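Each chain, written out:
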Amino acid sequence: MLKQLGGWDVGPGEDGDLVLRIRKAGYRIGVAPYANCFTNVPTSWVRLFWQRCRWDRTVITFECRKHADIGFPWNRHFRWSNLCLMIERWFFNVVCVFTFWLYGIWVLTVYPDASLKLLALLYCCGLCIELLQMLVLLFYSDRLKHDLLLSAVLPLYPFYQVFMKAVDVFALTREILFHESGRDNFVPLHVRSATWRW
């Protein structure tokens, strides 16, 4: 399969790139709801910040540049499912990221006296959403005790989400304005220099 698709393209996010290339070739992607994925996690907030910047800017690199053609009806790779995927990615991973911060600024500007109450309300709404997600996770969990223990940090998770939204807006803005992924040291300089940038 990998050979048919032309092998790996150079650069970070190659798994996401490969998924889109598989879809462009007309194949479907299966879901494994009980799969366990392991990774080496960053050991500091700074490392987490830069890791997430690398990961989160791929929506611009792939769906808005390299593979944008799968959303065009006149393109041979077009499928309605691919268009829905593109719209979903653009909406939730680009539009909503910027809207989140614009809404926050608007609330603080228009309702300065009630901003603490509104932020507390938003925190409670966010906590309810995280609780719902945690219940879904526990339903599928094959390590129930472990995941229940991890759910103890749930009250802090909305704050973590705000941190992640800050990372997102930083990463997306830099990718849109400066094509930051083209300067990523993920691959050696001589390989980056010979690679087409999206």
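The secondary structure content of the protein amounts to eight helices and zero strands. When the elements of the protein are put in sequence order from the N terminus, they spell out α-α-α-α-α-α-α-α. For the protein, the spread of C-alpha atoms along the three principal axes comes to 55 × 45 × 35 Å. Looking at the protein residue by residue over its 198 residues, the buried ones come to 31%.

A few words now on unusual backbone geometry. Within the chain, His179 stands out as a residue other than glycine whose phi angle is a positive 50 degrees. Locating His179 in the fold gives a position in the loop between helix H7 (157–178) and helix H8 (189–193).

So, on to the environment of Ala166. Residue placement: Ala166 occurs in helix H7. Separated by 94 residues in the primary sequence, Ala166 and Phe72 have C-alpha atoms spaced 31 Å apart.

This structure, assessed with the given rule, holds 14 aromatic pairs. On the numbers, 6.4 Å between centres and 55 degrees between planes, the contact of Trp45 with Tyr160 is tilted. Separated by 115 residues along the polypeptide, Trp45 in helix H2 (residues 45–56) and Tyr160 in helix H7 bring together distant segments of the chain. When its relative accessible area of 56% is taken as the criterion, Trp45 is described as exposed. Both rings, one in Phe72 and one in Trp74, keep their centres 5.1 Å apart while their planes meet at 10 degrees; by these two values the pair is stacked. Residue class for Phe72 comes out partly exposed when judged on its relative accessible area of 31%. Through a chain of ring-to-ring contacts, the aromatic side chains of Trp45, Tyr157, Tyr160 and Phe163 assemble into a single cluster.

This next bit is on the confidence of the model for the protein. Detailed reading of predicted coordinates is not advised where the pLDDT is low. Chain-level statistics for the protein give a pLDDT mean of 87 and a share of 95% at 70 or above. Here H8 stands out as the least confident element of the protein, with mean pLDDT 74; H7 is the most confident, with 94.

The next point concerns the pattern of salt bridges. Across all of its chains, the model carries nine salt bridges by this definition. Residue Arg52 is joined to Asp56 by a salt bridge in which the shortest nitrogen-to-oxygen separation is 3.2 Å. Residue Arg52 and its partner Asp56 are located together in helix H2, separated by four residues, close to a single helical turn. Owing to a relative accessible area of 15%, Asp56 belongs among the buried residues under this scheme. When salt bridges that share partners are traced, they join Asp17, Arg21 and Lys66 into one network.

This part is about H7. The end-to-end C-alpha distance of H7 is 31 Å, a good match for the 32 Å that 22 residues give at a rise of 1.5 Å each. Along H7, the positions that sit buried rather than exposed are Pro158, Met164, Val167, Asp168, Val169, Ala171, Leu172 and Glu175. Where H7 is buried, its residues contact H2, helix H3 (58–66), helix H4 (80–110) and helix H5 (115–140). A positive phi of about 50 degrees marks His179, the residue just after H7.

Turning to the environment of Val162, a few remarks are in order. Relative to the helices and strands, Val162 resides in helix H7. Separated by 34 residues in sequence, Val162 and Cys128 have C-alpha atoms that sit 15 Å apart.

Two elements in contact, helix H1 (residues 14–24) and H3, have axes whose closest approach is 10 Å; the angle formed by their N-to-C orientations is 25 degrees. In this view, H1 runs roughly parallel relative to H3, as classed from their interaxial angle. Crossing hand, H1 versus H3: right-handed. Contacts from Gly16, Asp17, Leu20, Arg21 and Lys24 of H1 reach H3 at Phe62, Glu63 and Lys66. Its residues assigned to classes, the contact of H1 with H3 comprises two nonpolar, one polar and five charged.

What counts as what
- Residues numbered from 1 in each chain as written.
- Predicted model: local features only at pLDDT ≥ 70, side-chain atom pairs only at ≥ 80, totals over all residues.
- Heavy atoms only, no water.
- Helix = DSSP H or I, 4+ residues; strand = E, 2+ residues; numbered from the N terminus.
- Buried < 20%, exposed > 50% of the residue type's maximum accessible area, 1.4 Å probe, protein only.
- Phe/Tyr/Trp six-rings, centres within 6.5 Å; stacked < 30°, edge-to-face > 60°.
- pLDDT = per-residue confidence, 0-100.
- Salt bridge = Lys/Arg side-chain N within 4 Å of Asp/Glu carboxyl O.
- Expected span 1.5 Å × (residues − 1).
- Contact = heavy atoms within 4.5 Å.
- Axes fitted to C-alpha atoms, helices over the stretch in contact; angles between N-to-C directions.
- Parallel < 35°, antiparallel > 145°, perpendicular 65-115°, else oblique.
- Left-handed = near helix turned anticlockwise from the far one by under 90°.
- Nonpolar A, V, L, I, M, F, W, Y, C, P; charged D, E, K, R; others polar.

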